[in-house]
Amino acid sequence: MGESRNKAKEELIGSWAAYRAAQGREKASLILAHTRADVRELNLQARAILKERGELGKEARVEVARELAADDGTISIERGERYFAQGERVMFLKNDRELGVKNGSLGTVAEVNKDSMRVVLDGEAGREVRFGLKEYAALDYGYAATVHKAQGATVDKTFMLATPGMDRHLAYVAMTRHREGVELYAGRDDFKGFDELKERLSRARPKDSTLDYAQRRGLDTARAQSTEKEPPMPQQEQKRRPEREAKEASQAREAEAGQGDPVARFKQAQKEFIRVAGMADFDPKAKARSAELRAEMKRASQEIAKDPARMRAAEREGFAPKSKTSSARPNRNADGRRAGGPKRTKGWSGKPAWNVQRRGATRTGKVLAATQNVYTISLYLNGV
């Protein structure tokens, strides 16, 4: 552990250079870091050492391009230039089926000029790929890479730079890219000691919060923050809450039922029924409310039927015609049979009873399910 991150980088590059000098090109190695800034610096330092040793051939200036994904999901193209030489370590940054390379594939430059490049890929018995730089330019130096980019790589030895942004997932990936060994470096300006380093690299990956998402999308962060501060509701409570609220509302309505003027209650219940009954086939709450309203209209109609004054009030409201009496003699045909008028049914009592009639169908004391929201109220001399 160095005194600072820069000191840790110097020690890391020194160890990598010694390993490269001892093993030569027979052994593959890779430097791993968390940020692209650290990776770029380490790549340039490693390349400078090899160039000073004379391990790199003649350079060629190459235009490169890479795709960068922002936090909000947008993709941008970063363009630049690199100087590649024979013997250079190179990393592919984009999948290409025709070349047979993947994002993160490593290789060694065998030949390069301003228009094309030939690379010997790691593994696969030294398979070579040749390509034009106008067709494929997603390249970078392959001495150092981000942990994310190196997830599919396997080399003989890795040199890892630990920084505070890492978690146990990244630490696991970085420390499992080797076949023979791994060396870990860190600075005391990032970690006070080994215990803090161990604790930081053992932490779980932090999850994005509602506020983080809102800030990336440019939404109202004040509203998102207030939403985030609300304590989460247990899952069982979330399931029971709608049922409890519906039950409490039903009990309150039942307590109110039977109070007040039955004519006004009937009219109010009928108005609400017309509004909610059309949704009964799709919404369970509307179906339950429709049943409550039918019961309320039935109770109100029975109360109205018992009081002639209330029946007259219902007629004045315009939803009940004048009542007929049982003394009216029905008209008869020439053959003596009944021509019309109310039929006497079983259970005839001669007392008027409320009947709720829907256009096209009638059922005493009940409202049929709403397929047409048109209802009329009539007085008949039917048995209850």
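Residues numbered from 1 in each chain as written. Predicted model: local features only at pLDDT ≥ 70, side-chain atom pairs only at ≥ 80, totals over all residues. Heavy atoms only, no water.

Caption draft 1: A look at the packing of helix 9 (residues 284–305) against helix 10 (residues 308–317). Two numbers describe how helix 9 lies on helix 10: the axes approach to 6 Å, and their chain directions differ by 115 degrees. Taking contact as the criterion, the partners of Glu303, Ile304 and Ala305 in helix 9 are, on helix 10, Arg310, Met311 and Ala314. Of the residues in the contact of helix 9 with helix 10, the class split is 4 nonpolar, no polar and 2 charged. (Axes fitted to C-alpha atoms, helices over the stretch in contact; angles between N-to-C directions. Helix = DSSP H or I, 4+ residues; strand = E, 2+ residues; numbered from the N terminus. Contact = heavy atoms within 4.5 Å. Nonpolar A, V, L, I, M, F, W, Y, C, P; charged D, E, K, R; others polar.)

Caption draft 2: Spatial organisation of the sheet that holds strand 6 (residues 116–121). Strand order in the open sheet formed by 5 strands is 7-6-5-4-8, with antiparallel pairing between adjacent strands. Among the strands making up the open sheet, the edge pair consists of strand 7 (128–132) and strand 8 (139–141). Within the sheet, the average angular offset between the axes of one strand and its neighbour, ignoring direction, is 40 degrees. Note that strand 6 and strand 7 share 5 bridges and pair antiparallel. Within the sheet, the bridge partner assigned to arginine 118 lies in strand 7 and is arginine 130. (Pairing = 2+ DSSP bridges.)

Caption draft 3: View of the sheet that holds strand 9 (residues 144–146). Here 4 strands make up an open sheet; going across it, the order is 9-1-10-11 and the pairing parallel. Every other strand in the sheet has two partners, leaving strand 9 and strand 11 (178–185) as the edge strands with one partner each. Strand-to-strand twist in this sheet, taken as the mean axis angle between neighbours without regard to direction, amounts to 25 degrees. Looking at chain direction, strand 1 (residues 29–33) and strand 9 are connected through 3 bridges and run parallel.

Caption draft 4: Here's a closer look at the pairing of strand 5 (residues 106–112). For strand 5, the tally of buried residues reaches 5 of 7 residues, placing the bulk of the element in the interior. Two strands pair when backbone bridges link them, and strand 5 and strand 6 are joined in this way by 5 bridges, in the antiparallel orientation. What sits directly across from valine 109, in strand 6, is valine 119. Where strand 5 folds back onto strand 6 in an antiparallel hairpin, the turn is made up of 3 residues. (Buried < 20%, exposed > 50% of the residue type's maximum accessible area, 1.4 Å probe, protein only.)

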